[in-house]
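# Summary of the model geometry
Chain residues, written in single-letter form:
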Amino acid sequence: MAGVNERTMKALKEVWKRAENSLCADCGKPDPDWASSTLGVFICLSCSGIHRNIPSISKVKSLKMDCWDNAQVQFLAKHGNAVTKAIYEAHIPIYYYQPTYNDCQVLREQWIRAKYERKEFTEPGKQLPYSDGVKEGILWKRGRDNGQFLPRKFLLSEREGCLKYFTKQDAKEPKINVKIDVINATFQPEKIGNPNGLQITYLKDNKTRNIFVYHESGKEVVDWFNAIRSVQFHYLKVAFPIASDNEIKNRLTRNFLKEGYMEKTGPKQREAFKKRWFTLDHRRLMYFKDPLDAFAKGEVFVGSGENGYSVQKGLPSGTQGNFSWHHGITIVTPDREYLFTCETETDQLEWIRAFTSVINQAMTPQEYASKCLDAVSFPS
């Protein structure tokens, strides 16, 4: 009996070592050490917890701690990540956001449920709840002034190329009407204080505005997110007919590169440093008094190195402003230097890495145009 078990464990390790099984089948995390004995995929610990919540579809076991019988190992050998992905991910729309292990729980859970439970991607041309070019429904929106979340009607239209929301269900005129190509959406469960929290940002007069929403249903809020991406994709296909699908995909919604508190001083660099919440959204560095502010108090364009932008560790010698945090950062632009301080060296290095990643990228023609339009800078 012991010999049989040893042979089974050896066979399991051989399947586990295949290159195709070196990343989690659902989020791409390296070195997965769990597997589904009913789906035949190798997954990470975090994704295994989601699988465990759909026991009618997936039975999960640890590759290190649990016992596997010969039939289960043979099933894994026959399937594995490559074969199973070919079945359950055969027809994913190009605009659909496929989360990674860095993404929040609701995105990863709905991705897993969409694949294995709802089988949304197994057939070509399947009608999906986020693919028909229009979506209407209620989202709970945070009030700009009182901070209360109240139900509001939202309407997304591919034909009109916009997202609207109404303060009342029977209202004829929307409170906002935003063109789809200036919208970004990113999940912010911690900042919003809800596991299904979604931040929608848009540009108005070349300034950033924020809307914070959530829905009680994880599926519904993720459907809204992918519906926005779907409408954006088809709008941009028309606007840029010679662009490839992948080029357009890269222009859809994006996560912020970095968020967090820093201290800042004014343009004279003699004022006291003030603690503010900063968001780096590609080339837009914005600051807010509160993370849930609807409007940025100031923003600055971060260009490329070849256009005179750079980031430096520390503050210029002789900086006079009073600051309580001592890990400085200097952003150099063609017009002026911007000075910040971070609470810890870890924060400082993470911000420098984020700024460097932006500065090292060449600017697109659209970004040149954005810089020319952008008259906003950090006030004192």
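Keep in mind it's a predicted model, so treat the numbers as computed, not measured.

## Describing unusual backbone geometry
You will see that lysine 119, though not glycine, has its phi angle at about 50°, which is positive. Summarising the element assignment, lysine 119 is placed in the loop between helix H5 (105-117) and strand E4 (134-142). You will see that histidine 282, though not glycine, has its phi angle at about 55°, which is positive. With respect to the secondary-structure elements, histidine 282 resides in the loop between strand E12 (274-281) and strand E13 (284-288).

## Description of the pattern of salt bridges
As enumerated under the stated definition, the model contains 19 salt bridges in all. For arginine 113, the salt bridge is made with glutamate 117, and the minimal N-O distance between the two is 2.9 Å. Of this pair, arginine 113 and glutamate 117 both sit in helix H5, four residues apart, which is roughly one turn of that helix. Among the charged side chains, a salt-bridge network with shared partners connects Asp26, Lys85, Glu89 and Lys115.

## Focus on the side chain of glutamine 199
Within the secondary structure layout, glutamine 199 lies in strand E9 (residues 198-204). A distance of 2.9 Å separates polar atoms of two side chains, one belonging to glutamine 199 and the other to lysine 191. Other than its neighbours up to four places away in sequence, glutamine 199 contacts Asn184, Ala185, Thr186, Gln188, Lys191, Ile192, Asn210, Ile211, Phe212 and Phe256.

## Thoughts on the UniProt feature "domain: PH" (unreviewed entry) in the protein chain
The positions UniProt marks with the feature "domain: PH" (unreviewed entry) are residues 132-233 and 255-360. For residues 132-233, the helix share is 20%, the strand share is 46%, and the end-to-end C-alpha distance is 12 Å.

## Comments concerning the nonpolar core
By size, the foremost hydrophobic cluster in this structure holds 55 residues, and its most contacted members are Phe187 and Ile200. Ranked by residue count, the leading element in this core is helix H7 (residues 218-239), at nine residues. Split by domain, the residues of this core number at least three in each of domain 1 (1-117) and domain 2 (134-250). Those residues within four positions of phenylalanine 187 in sequence are excluded, and the remaining contacts are Cys104, Val106, Leu107, Asn196, Gly197, Leu198, Val221, Val222 and Phe225.

## Here's the deal with the packing of aromatic side chains
All told, the structure shown has 19 aromatic pairs when counted by the stated rule. Here tyrosine 96 and tryptophan 111 contribute two aromatic rings whose centre-to-centre distance is 5.9 Å and whose plane-to-plane angle is 35°, an arrangement assigned as tilted. Pair noted here: tyrosine 96 is in the loop between helix H4 (80-88) and H5 and tryptophan 111 is in helix H5, with a separation of 15 residues, a long-range link. One exposure class covers both tyrosine 96 and tryptophan 111, and it is buried. Relative to phenylalanine 323, the ring of phenylalanine 273 has its centre 5.1 Å away and its plane inclined at 75°; by these criteria the two rings are edge-to-face. Of the two residues, phenylalanine 273 is situated in the loop between strand E11 (258-264) and E12 and phenylalanine 323 in the loop between strand E15 (310-313) and strand E16 (327-332); the sequence distance between them amounts to 50 residues. In this structure phenylalanine 273 comes out as buried when scored by relative accessible area, which is 8%.

## A few points about the pairing of E9
When you tally the buried positions in E9, you get five out of seven residues, the bulk of the element. Bridge count between strand E8 (residues 183-187) and E9: five bridges; the pairing is antiparallel. Note on E9: the bridge partner recorded for alanine 185 is isoleucine 200. Two strands pair when backbone bridges link them, and E9 and strand E10 (residues 207-214) are joined in this way by seven bridges, in the antiparallel orientation. Each residue of the ladder has a partner; that of glutamine 199, found in E10, is phenylalanine 212. The hairpin formed by E9 and E10 contains two residues between the paired strands, and aspartate 205 there has a positive phi angle of roughly 55°.

Analysis parameters
Residues numbered from 1 in each chain as written. Predicted model: local features only at pLDDT ≥ 70, side-chain atom pairs only at ≥ 80, totals over all residues. Heavy atoms only, no water. Helix = DSSP H or I, 4+ residues; strand = E, 2+ residues; numbered from the N terminus. Salt bridge = Lys/Arg side-chain N within 4 Å of Asp/Glu carboxyl O. Polar contact = N/O pair within 3.5 Å; in protein donor to acceptor, adjacent residues only side chain to side chain. Contact = heavy atoms within 4.5 Å. UniProt positions renumbered as here; feature names shortened; annotations may be inferred. Core = buried A, V, L, I, M, F, W, Y, C linked by side-chain atoms within 4.5 Å. Buried < 20%, exposed > 50% of the residue type's maximum accessible area, 1.4 Å probe, protein only. Domains from an automatic or database assignment. Phe/Tyr/Trp six-rings, centres within 6.5 Å; stacked < 30°, edge-to-face > 60°. Pairing = 2+ DSSP bridges.

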